[in-house]
Each structure stands twice: as structure tokens, then as C-alpha cells.
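Below are the chains, spelled out letter by letter.
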Amino acid sequence: MDNTTAKKPVIGKSLLLPFILITACFALWGFANDITNPMVKAFSKIFRMSVTEGALVQVAFYGGYFAMAFPAAVFIRKYSYKSGVLLGLGMYALGAFLFYPAMKTGNYYPFLAAYFIMTCGLSFLETSCNPYILSMGPEETATRRLNFAQAFNPIGSLVGMYVAMNFIQSRLHPMDTAERALLSDAEFEAVRDADLAVLVAPYLLIGVVILVMFILVGVVRMPKNNDKNHNVDFFRTLKRIFSIHNYREGVIAQFFYVGAQIMCWTFIVQYGTRLFMGMGMEEQAAEVLSQKYNIAAMAIFCCSRFICTFLLKYINPGRLLKILAVAACIFTLGTIFLQNIWGMYSLVAISACMSLMFPTIYGIALHGMGDDAKFGAAGLIMAILGGSVMPPVQAAIIDMGTVLGMPAVNVSFVMPLICFIVVIIYGHRSAARGQA
């Protein structure tokens, strides 16, 4: 990468306030993502379900991303990035507030509906905000700019994890899964309702925060970058963008990357619970300690994002992506084969490698697309479906208990390993093409 590109500003002074507001949205959907990951275990316990049934949370959550990505792109093309952001925030808030009536039903499935609506809003947000950030300055610094904005995503994720651990997991009834299975129907309903009241409170609070952000974005004057063309030629545009090798491969790579990310951050709780209970801990204490390791992983992810954003000034994005994906594979092998605390350390270390991947795949895939980036962004957001498809497969492996004489939860991390291999291939091919 030449020195001229390295010296160009990431964001101009006139766009600083809009940049800050849109970047704040990255933190807000990071919160939603990572308060939700531990809920797979929480819902499984509250409703006395298997891990596979609990993983339907991720199916509903990331299914919303998939369902709404291209409708979001059409909406943004017809109106503006700002309109897309506002609609996304509105649906996010609505989904969060729907947790209250879901709690009143005492049933699992209304929560899945609330998650789905909330993530339809997140799909609008991500489809709008990612290309909006790319457009706020020179194309030469677009990938750096997106990496910088995405660096605030894990800050929101850290807050979400902290809230999940301290305001949900640690406040649920301490009765473990085996004891809950022995409860009478009346006893089970009393414990369930008390736990659901604990679980719902943070979602209602974030709904209020989202409404405040909605008002701020609504009143601030926002730039209309690449908003001149409002013609919606859906199928012709799709044919055009998917004919581009780098974009088409980027959508595939993003699908597998998001699957790996969600699996590593969701099932660290199951991984740690098995490990720490084997050391003599009670189930709830083991779950809370596992979440602390998850928070440590996110803190490392956050720090690594800033470091990698700096390195992108000097290293080709595709090459750096490949290097980190190779490292992720090595740590994933450690997670699989080390059945002690070093396996947990390996699982935490994967997050340092993942920090660069989402925004860099995104930036490489959309490079040079111009106004087509609105539809291109939708394809990349639809690829978040990987976070819906992959976790149930890993959960099904975990439910086996033992595989080939090894703990099934360890063996299940072969799924992220496969995903990182796909990212290696994309990084290698992008570097070979000289994509920036």
C-alpha cells in the first residue's frame, strides 16, 4: 500500500458528527448480537430444552438479517441511507419492546418472533450503515474507515456481554438443569416466570436507548453520499454485481465467517461449562465464569480491531485477512484437541484473529462498486445467514455428548475450522488480485 493512501484522511471534519452518529449504530447492533449469544444457554435452562432447541434463538436472530437485507437495499435505493437507518432503528426498538408481551405469554416462541423483528431492524441498519461509512470519504481509505467504525461494534458487544453476565445469567434462579427437570408443573412455571422477568428487563432498557438514537439521527443533517440514483432495477443490478468474482466470493466468505464468529461466541459458554464443571464447579458458577472468558475474548477482539486497522495502512487487506485466518485455524485446532484450560485459552485467542475479518471482507467485496454498493451491501448482510445456519449444526454435535471418545463440545469446533479455511481461500485470492 503506497504512502499517499496512508496519508489521506479517514474522515473529513465536515462529516465528523454524521460519522459519529452512524458509528454509534455499530455499537448498538453489537450490543444486540452479544447480549443474545448467551441466551441460547439461558433459554435452554429456563424452558428445559435441549441445546439444539435453544439454538433456535440464533435461527430467528440471523434469519431476520437474511429476510430483510434486499428489501432494505431496495428501500435505501429508493429513498436514502438516512431513511434506512431510521427505519432500522424503529424496528430494532419495536422488537426489543415486544419482549414484554412475550414474557407475559410464558412461551418460548413469541421471544423468537421478537428477535426476528428486532433483527429485521438490524438488517436495515447494517445494510445502510456499512456502505454509508464507506461513502464518507475517499475510496482509497474506505476499508480503513469501515474498520475504524467497526471497531466500535465490539465495544457495544462488550457491554452486551457484561449485561448478560451481571444482569441476566447471575440473577437467574441458581437451580441447575438437572434440578429443574424434577420440578412439578406449578414449580416450573413459578421459576420460569421469575427468570423471564430478569431476562426481559435489559431488552426494554435498550429499546428506550434506541428511541433516543432515532431522534438524534432524525434531527441531524446527514450527507447524501451516492444517493442521487433512486431507480430500482433489482434483477439487472443483481446480475451485474454477482458477475464480479471478488464480490461473489466475498458473499460466500462472509457467510462462513459470520457462522464461525457466532459459533465461537455462542458455544464458549457450553465449552467452558463442561470444562469448569469437570473441575468441580456448580453449573451456574461455571456458566458465569465462561461468560467472563467470553468478555475477555471480546476485549481482545476490540483491541485487535484497532491494531489491525493500523496495519491496513501498510499491508494489503487480502494478505492480512489470509494471515489471520491461518492463525484462527491453528487456535481452533487447539480448542478441539486440548481438553483443559489451554483449550479455553485457544478459544479466546480465536477472537484476536477474527477482529479484522467482517469489515475487511466487506470492504474488499464492495471495492469500486459506487452506487451499486447499496445492493452489494444487501448481499453481504444476507450472508449473515451463516450465523443462523451454522450454530444449530454445532449444537446438534454438542447434544451427542461424546464423539470419537472426545467431548462432543470440543469436536463441534470443527465447524468454525471449516469456515476459517474458506476465509483463507478468499484472502489468498483477493491478495493475488491486488484488491484493496
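Please read all numbers here as calculations on a predicted model, not as lab measurements.

J.: Quick question: what am I supposed to make of the overall build of the protein chain here?
T.: What the protein chain contains, in helices and strands, is 23 helices and 2 strands. Computed over its C-alpha atoms, the radius of gyration of the protein chain comes to 21 Å, within 12% of the 22 Å expected for a compact globule of 436 residues. Dimensions of the protein chain, computed from the C-alpha atoms along their principal axes, are close to 65 × 45 × 35 Å. In the protein chain, which comprises 436 residues, the share counted as buried stands at 61%. Contacts spanning at least 24 positions in sequence make up 85% of the contacts within the protein chain whose residues lie at least 6 apart. Summing over all exposed atoms, the protein chain offers an accessible surface of approximately 16,300 Å²; the carbon and sulfur share of this is 68%. In the protein chain, 31 positive and 22 negative side-chain charges are present, and the distance between their average locations comes to 15 Å.

J.: Is there a simple way to think about the packing of aromatic side chains in this case?
T.: Any two aromatic rings considered together are summarised by their centre-to-centre distance and by the angle between their planes. If you walk through the whole model with that rule in mind, you get 32 aromatic pairs. Residues Y115 and Y203 carry aromatic rings whose centres are separated by 5.8 Å and whose planes lie at 85° to one another, so their mutual orientation is edge-to-face. Of this pair, Y115 sits in helix 8 (residues 109–135) while Y203 sits in helix 12 (residues 185–219), placing them 88 residues apart in sequence. Assigned by exposure class, Y115 and Y203 land together as buried. Centroid distance F276 to Y293: 5.6 Å. Interplanar angle 25°. Geometry classified as stacked. One end of the pair, F276, is in helix 15 (residues 268–278); the other, Y293, is in helix 16 (residues 283–311), and 17 residues separate them in sequence. Judged by relative accessible area, which is 3%, F276 ranks as buried. The ring of F188 carries R48 above its face, with NZ or CZ at 3.8 Å from the centroid.

J.: Would you mind going over the packing of helix 8 against helix 12 with me for this structure?
T.: For any two helices packed against each other, the geometry comes down to the angle between their axes and how far apart the axes lie. Interaxial distance between helix 8 and helix 12 falls to 14 Å at its minimum, and their mutual angle equals 10°. In this view, helix 8 runs roughly parallel relative to helix 12, as classed from their interaxial angle. Between helix 8 and helix 12, the contacting residues are F111, Y115 and M118 on the first element and L196, L199, V200 and Y203 on the second.

J.: Explanation requested: the pattern of salt bridges in the structure shown.
T.: Pairs can form between side chains of opposite charge whenever their charged atoms are close. The final tally for this structure, using the stated rule, is 6 salt bridges. Among the ionic pairs, R180 bridges to D195, the shortest N-O distance being 2.9 Å. Here D195 lies in helix 12 and R180 lies in helix 11 (residues 177–181), a separation of 15 residues in the sequence. Of the two residues, R180 and D195, both sit in the buried class. A salt bridge links R192 to D193; the shortest N-O distance between them is 3.0 Å. One salt-bridge network, in which partners are shared between bridges, spans K41, K45, E283 and E287.

Parameters and conventions
- Residues numbered from 1 in each chain as written.
- Predicted model: local features only at pLDDT ≥ 70, side-chain atom pairs only at ≥ 80, totals over all residues.
- Heavy atoms only, no water.
- Helix = DSSP H or I, 4+ residues; strand = E, 2+ residues; numbered from the N terminus.
- Rg over C-alpha atoms; globule rule 2.2 N^0.38 Å.
- Buried < 20%, exposed > 50% of the residue type's maximum accessible area, 1.4 Å probe, protein only.
- Contact = heavy atoms within 4.5 Å.
- Areas by Shrake-Rupley, 256 points an atom, 1.4 Å probe, with all protein chains shown as cover.
- Lys, Arg positive; Asp, Glu negative; His and termini not counted.
- Charge placed at Lys NZ, Arg CZ, Asp CG, Glu CD.
- Phe/Tyr/Trp six-rings, centres within 6.5 Å; stacked < 30°, edge-to-face > 60°.
- Lys NZ or Arg CZ within 6 Å of the ring centre and 35° of its normal.
- Axes fitted to C-alpha atoms, helices over the stretch in contact; angles between N-to-C directions.
- Parallel < 35°, antiparallel > 145°, perpendicular 65-115°, else oblique.
- Salt bridge = Lys/Arg side-chain N within 4 Å of Asp/Glu carboxyl O.

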